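# Report on the structure
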Amino acid sequence: MDDILTTYNLTKEFKHFCAIKNLNIHIKKGDIYGFLGQNGAGKTTTIRMVMELIKPTSGEIELFSEKTSNKNRKVLERIGSMIEYPGFYPNLTAGENLEIHRRMMGVQGKNCIDETLKVVGISDVKNKKVKEFSLGMKQRLGIARSLLHHPEFLILDEPTNGLDPIGIKEIRELIIDLCKKQGITFLISSHILSEVQQMANKIGIIHKGEILEEISYDELQRRNRHYINIKVDNDKKASFVLEEKLGIKDYVIWGKNNFRVYEKLQEISNINKALVSNDLLVDEICLKVDSLEDYFIKLTGGN
């Protein structure tokens, strides 16, 4: 049984607003599924429905091939989650906070606290009060709490939000490590495209409550096109040279005086020579490839 999470036309309507519209997502065992969308796109609302914190207006959710409408609590016990910012008792230590959660979850044995803190890399601060923690340490402690009962499926809502670059890198490496070494399947919601790109093997793009596309990272790599990136001092004159002098039609203007040329990729030197000989100042000309950010912008029609 490889199906971890499947939704069927999942919809959530509030009083005057439809937050989620006919959402269909598919997560298999072993996936790191990047749930990608801008703030307000519906990521957290979807996660809250999956965790049965709010009820869908219509549609169905299957976890481990069982419909959650069957109210099988055993299914939810196989899931860990960290939704938005993790909350803790600030005047208690990391260990004391996890002990409270251990008892609430009915996890046997206190050894799991030391083991989990070691897994997330903060075993040395077990006896430190949480109010003294940095944001990155709180995120790690939040992940530790979600791992305490050894879940098979872990849902993390914006796990790198507010972290500095070092903290983001550490959380990313932790997620990849947990997937590889412990076989945990992940649903990672994020609006940080570069982070999703570096850890997810499957991506679902949500925009205004609708899934625009689900795509494997390998397929995304195949779809993204190579191009010649050109920065000049005059886009109108450059357009004339590209079209009339060089016969190039497959290009886009990407910001002021910036071009992406998708043909004649082997002729960078000739293109550069033609631009310069027509009195254009070429600030940059190089071969690049579309990123996930480029793909997302094209898909959502954003700027």
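Residues numbered from 1 in each chain as written. Predicted model: local features only at pLDDT ≥ 70, side-chain atom pairs only at ≥ 80, totals over all residues. Heavy atoms only, no water.

The name that an unreviewed UniProt entry assigns to the protein is Putative ABC transporter ATP-binding protein YxlF, with the source organism given as Clostridium ragsdalei P11. In UniProt, the protein has this text filed under Sequence similarities (unreviewed entry): "Belongs to the ABC transporter superfamily." (UniProt positions renumbered as here; feature names shortened; annotations may be inferred.)

This part is about the packing of helix 5 (residues 135–147) against helix 6 (residues 165–182). Where helix 5 meets helix 6, the axes come as close as 11 Å, and the angle between the chain directions of the two elements is 20 degrees. Taken together, the axes of helix 5 and helix 6 are roughly parallel relative to one another. Viewed along their axes, helix 5 and helix 6 form a crossing whose handedness is right-handed. Here helix 5 contributes Gln139, Arg140, Ile143 and Leu147 to the contact with helix 6, which in turn contributes Glu170, Ile171, Leu174 and Leu178. Its residues placed into classes, the contact of helix 5 with helix 6 shows five nonpolar, one polar and two charged. (Axes fitted to C-alpha atoms, helices over the stretch in contact; angles between N-to-C directions. Helix = DSSP H or I, 4+ residues; strand = E, 2+ residues; numbered from the N terminus. Parallel < 35°, antiparallel > 145°, perpendicular 65-115°, else oblique. Left-handed = near helix turned anticlockwise from the far one by under 90°. Contact = heavy atoms within 4.5 Å. Nonpolar A, V, L, I, M, F, W, Y, C, P; charged D, E, K, R; others polar.)

Right, let's talk about the domain arrangement of the protein for a bit. Often, the extent of an interface is quoted as the loss of accessible area on bringing the components together. Domain annotation of the protein identifies domain 1 (3–215) and domain 2 (225–296). Relative placement of domain 1 and domain 2: their C-alpha centres are 42 Å apart. Tallying the contact residues gives ten residues for domain 1 and five residues for domain 2. Across the domain 1 to domain 2 interface the summed buried area is about 670 Å²; carbon plus sulfur atoms make up 79%. Of all residues in domain 1, Leu193, Gln197 and Ile205 bury the most surface against domain 2, accounting for 60% of the area lost on that side. At the surface where domain 1 touches domain 2, the tally comes to zero residue pairs in polar contact (both at pLDDT 80 or more). Those elements that provide at least two residues to the side of domain 1 that touches domain 2 are helix 7 (193–199), strand 10 (202–207) and strand 11 (210–216). Among the elements that make up the side of domain 1 that touches domain 2, the one with the highest residue count is helix 7 (three residues). Classifying every residue of the side of domain 1 that touches domain 2 by side-chain character gives six nonpolar, three polar and one charged. (Domains from an automatic or database assignment. Buried area = accessible area lost by both parts, 1.4 Å probe. Polar contact = N/O pair within 3.5 Å; in protein donor to acceptor, adjacent residues only side chain to side chain.)

What follows is about the sheet that holds strand 12 (residues 226–232). Within the open sheet, the four strands sit side by side as 13-14-12-15. Their pairing is antiparallel. Strands at the two margins of the open sheet, each flanked by one partner only, are strand 13 (251–253) and strand 15 (282–289). Mean inter-strand twist for the sheet, computed between neighbouring axes without regard to direction, equals 20 degrees. Strand direction decides the pairing type here: strand 12 and strand 15, joined by seven bridges, are antiparallel. Following the sheet pairing, His226 is matched in strand 15 by Val289. Across the face of the sheet, helix 9 (residues 235–245) comes into contact with strand 12, strand 13 and strand 14 (258–261) while running at roughly 20 degrees to strand 14. (Pairing = 2+ DSSP bridges.)

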